[in-house]
Amino acid sequence: MKPACNSVLLVVDVQNGFVEGGALPVKHGADVVPVINELSRAFDNIVLTQDWHTPAHASFASSHPGKKAFETIELPYGTQMLWPDHCVQGTDGAALHKDLKLPGAQLILRKGYHRNVDSYSAFQEADHKTSTGLAAYLKERGIKTVFVTGLATDFCVAWTALDAHELGFEVYVIEDATRAIDLNGSLAAAWKQMSAKGVKRIQSADIE
Ligand code: VGL
Ligand code: ZN
């Protein structure tokens, strides 16, 4: 398939913090970089996201005495998975991967910058109330279809894809342009949920 001119390639959180050597490494995370660089040639519109947390963010285990990374905690908006400190605003871990070559990208959207609220999704924070503004931006530009890539398949990619679908976009996740964290079956659960909602799963070879 050839993405129409009202499509966007959404590149989620391809940051140092999520690849080998980062604070929250996704296995083989850096492998998405050449795939995304190549895919970008087929798109007129490209948007990137950056996970962009305050120091002592509520999603960090270190902010909750006695808690460890990959445990959960109850926050006012629901159950929150706790993570190692990662993607702190302005640090090297929060920088985009150096081999990502997307000079034509039009917007870099930062998310997760409210200290007490996480934001896996590029569209809506984890309180399920606060918008990032991305849907309005895309709709204002006439975008109808979103192709989601990046890290991690089972967290930020899946939440972004599900929200995009809910907001009325046609949504494709390009599987080989993503890599997963996969905690306790989270990857299988994410694909199940995405399929059930009508998010389409494709491969980079399906795009021309
Ligand atoms: C992510 C966990 C915490 C992601 C971000 O980009 O998938 N995962 N923050
Ligand atoms: Zn995060």
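## Re the overall build of the chain
Along the chain, the regular secondary structure elements total 4 helices and 8 strands. Walking the chain from its N terminus toward its C terminus, one meets helices and strands in the order β-α-β-β-β-β-α-β-α-β-α-β. At 16 Å, the chain has a C-alpha radius of gyration in line with the 17 Å of a compact globule built from 208 residues. Within the chain, the fraction of its 208 residues that count as buried is 53%. For the chain, the proportion of contacts with a sequence separation of at least 24, taken over those separated by at least 6, is 75%.

## A look at the coordination of the zinc ion (ligand 2)
Ligation of the zinc ion (ligand 2) by protein atoms is provided by Asp51 (OD), His53 (NE2) and His86 (NE2), these donors lying 2.0 to 2.2 Å from the ion. Written as a sequence motif, the donor arrangement for the zinc ion (ligand 2) is D-x1-H-x32-H. The two residues Asp51 and His53 agree in class, both being buried.

## Details of the environment of Met81
With respect to the secondary-structure elements, Met81 resides in strand 4 (residues 78–81). On the basis of relative accessible area, Met81 is assigned to the buried category, the value being 16%. Remark: the alpha-carbon pair of Met81 and Ile207, spanning 126 residues in sequence, is separated by 34 Å. If sequence neighbours within four positions are ignored, Met81 has contacts with Ser59, Phe70, Glu71, Thr72, Tyr120 and Leu183.

Quick notes on the rules
- Residues numbered from 1 in each chain as written.
- Chains lettered and ligands numbered in written order.
- Predicted model: local features only at pLDDT ≥ 70, side-chain atom pairs only at ≥ 80, totals over all residues.
- Heavy atoms only, no water.
- Helix = DSSP H or I, 4+ residues; strand = E, 2+ residues; numbered from the N terminus.
- Rg over C-alpha atoms; globule rule 2.2 N^0.38 Å.
- Buried < 20%, exposed > 50% of the residue type's maximum accessible area, 1.4 Å probe, protein only.
- Contact = heavy atoms within 4.5 Å.
- Donors = N, O, S within 2.8 Å, 3.2 Å for Na, K, Ca; no water.

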